[in-house]
Amino acid sequence: MAGLLGRERIIASATFNRWLIPPCALATHLCIGQAYALSVFSLPLTRQLGVTQSVPGDWTLVDLGWIFSIAILMLGLSAALFGTWVQSQGPRKAGFVAALCWGSGFFIGALGVHLHQLWLVYFGYGAIGGIGLGIGYITPVSTLISWFPDRRGMATGLAIMGFGGGALVASPLSDVLMRYFASPTSTGVVQTWLVLGIAYLLFMTGGAFGYRLPPAGWSPAGWTPPQRKAGSLITTRQVTAQQAIKTPQFWFLWVVLCFNVTAGIGVISQASAMIQEVFRGRINASAAAGFVGLLSLFNMGGRFLWASLSDKIGRKATYAIFFTLGPLLYALVPASGRIGSIALFVSAFCIILTMYGGGFATIPAYLSDVFGTKYVSAVHGRLLTAWAAAGVLGPVLVNYIRQSQIDNGVPKYQAYNVTMYIMAGLLLVAFFSNLLVKPVHERFAEETEPSARPVAA
Amino acid sequence: MTNIAEIQKGAMVNALLVGAAWAAVGIPLLWGVIQTLFKAAALFR
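Residues numbered from 1 in each chain as written. Chains lettered and ligands numbered in written order. Predicted model: local features only at pLDDT ≥ 70, side-chain atom pairs only at ≥ 80, totals over all residues.

## A look at the overall build of chain A
Moving on, step 1. A count of helices and strands for chain A gives 16 helices and zero strands.
Moving on, step 2. Its C-alpha atoms give chain A a radius of gyration of 22 Å, near enough to 23 Å, the size a compact globule of 457 residues would have.
Moving on, step 3. Projecting the C-alpha coordinates of chain A onto the three principal axes gives extents of approximately 70 × 55 × 35 Å.
Moving on, step 4. Evaluated residue by residue, chain A yields a buried proportion of 53% over its 457 residues.
Moving on, step 5. The long-range fraction of contacts in chain A, counting pairs at least 24 apart against all pairs at least 6 apart in sequence, stands at 82%. (Helix = DSSP H or I, 4+ residues; strand = E, 2+ residues; numbered from the N terminus. Rg over C-alpha atoms; globule rule 2.2 N^0.38 Å. Buried ≥ 20, exposed ≤ 12 C-beta atoms within 10 Å, placed from the backbone. Contact = placed C-beta atoms within 7 Å.)

## Regarding the environment of L77 of chain A
Residue and element names in this part refer to chain A.
Moving on, step 1. Along the polypeptide, L77 turns up in helix α4 (residues 61-89).
Moving on, step 2. Residue class for L77 comes out partly exposed when judged on the 18 C-beta atoms lying within 10 Å of it.
Moving on, step 3. Considering only alpha carbons, one finds L77 and A388, 311 residues apart in sequence, at a separation of 7.8 Å.
Moving on, step 4. Residue contacts for L77: discarding those within four places in its chain leaves G134 and A388.

## Looking at the domain arrangement of chain A
All names here are of chain A.
Moving on, step 1. Here chain A is partitioned into domain 1 (19-210) and domain 2 (241-452).
Moving on, step 2. Computed over C-alpha atoms, the centres of domain 1 and domain 2 are 22 Å apart.
Moving on, step 3. The interface of domain 1 with domain 2 comprises 32 residues on the first partner and 30 residues on the second.
Moving on, step 4. Of all the secondary-structure elements, those providing two or more residues to the side of domain 1 that touches domain 2 are α4, α6 (118-147) and α7 (152-181).
Moving on, step 5. In terms of residue count, the dominant contributor to the side of domain 1 that touches domain 2 is α4 (13 residues).
Moving on, step 6. Of the residues that constitute the side of domain 1 that touches domain 2, the class distribution is 18 nonpolar, twelve polar and two charged. (Domains from an automatic or database assignment. Nonpolar A, V, L, I, M, F, W, Y, C, P; charged D, E, K, R; others polar.)

## A look at the packing of α6 of chain A against helix α14 (residues 376-383) of chain A
Residue and element names in this part refer to chain A.
Moving on, step 1. Two elements in contact, α6 and α14, have axes separated by 8 Å at closest approach and are oriented at 140 degrees. It follows that α6 is oblique to α14 by the angle criterion. Between α6 and α14 lies a crossing whose hand is right-handed. Where α6 approaches α14, its residues I138, V141, S142 and I145 are matched on the opposing element by V376, S377, H380 and G381. (Axes fitted to C-alpha atoms, helices over the stretch in contact; angles between N-to-C directions. Parallel < 35°, antiparallel > 145°, perpendicular 65-115°, else oblique. Left-handed = near helix turned anticlockwise from the far one by under 90°.)

## Side note on the environment of I342 of chain A
Residues and elements named next belong to chain A.
Moving on, step 1. With respect to the helices, strands and loops of the structure, I342 is situated in helix α13 (residues 342-371).
Moving on, step 2. Separated by 59 residues in sequence, I342 and I283 have C-alpha atoms that sit 9.1 Å apart.
Moving on, step 3. For I342, the residues in contact, after removing those within four places along its chain, are F279 and R282.

## Comments concerning the interface of chain A and chain B
Moving on, step 1. Contacts between the two partners involve 23 residues from chain A, matched on the other side by 20 residues from chain B.
Moving on, step 2. Secondary-structure elements contributing two or more residues to the side of chain A that touches chain B are α2 (21-32), α7 and α11 (285-313) of chain A.
Moving on, step 3. The element that contributes the greatest number of residues to the side of chain A that touches chain B is α11 of chain A, accounting for nine residues.
Moving on, step 4. Among the residues making up the side of chain A that touches chain B, the classes are represented as 15 nonpolar, eight polar and no charged.

Next up, the structure:
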């Protein structure tokens, strides 16, 4: 089995079509993207004992919120810890391990729900599933960049778009399954998790076994690597993950990702309540759910569009757009609330969400430009700790500032204004952090090839 | 002659594989997008 999963078994033949790799990557990311749809189980899980309504002993929403937090924390930690392992073992073994962890997470979680043992749900979905999330997230990155050196942004954008799209599939699918399995004695969550676990295990395994690595020296037909110009961010050298974290560039990009995600997560976590409170009496719960759905679509679309655009205009310029346009849009939100323009409010957040998704999707290509392609999965894994930090920072900022505003007598519909200005400020900090990203000093590089020497511009 | 036929057959198999792989991920994703669009329509009613 170990041989079957090894790197040497997946070197592609000369006739292999590289367009088979993005669907394999999507198969992984569409499955793990389910994490964003976990909230669909929140209410049913609060009435596991009472079934039709919560009874004493049932779990609370606060208890259940920890499942997602643990999963995202484990995503960041496992991506950082196992990044080098993923890089060395190749995408098939890493993808298969991710499938096992993600599938097992559902099975153990289902057992926890069945036995009504919350710690087992935390351990199963949160910890084991979270490891699957981390490994699965970084698995296809390096492979895609190897196959698409001419379109790094588009290729990784396609995969990471799947993570955004996973919730769009999982949310209605979970609804359908829970309705099918629900009975007078069951909410249907246990059976739904078992079915999802089997489906994800099979789908991700299929994706993992589809991965191929390009033969040594392979490059797309008719493509020659562009000559590196002096001062260009795109390097031909290779920086290991251990060296990368010693560079200031890594930490500038860490801030870029962290603050971009913090701003976006803050909005996503409060989107439904925010639009209902800002436009009280005009937006009901159903319309607010529609708003959340719309944000998910823009989040997904932005991942592909911005990452593809970054191939044309460069990564630094792409993030410069995010951090110029973003603060303007955040600052516009309170005004749209004051003048009562739902269209302006919705449009601003839709564009913000494209940039939130675009920030995730463009970062692997940015890392491969700055640190080289060879260790990009490992470097990306370490950078994802920024996501884990933002996962805590974003909701905390929004929730606490809103509550403190309300406690100070600010009306609910104006309670988000300060938060929006703070988010705009965070993006401005990220703007300068992005500006500071310069080519990595050659002392950090693994080796210097004579052909890789920069040429004069 | 045989070589050309083999290459053509290989290209066809490759094209079919690529189509099947994209359909396997594209169809569920498209279904999810349509479901979300229906949900989002409530915002504009």
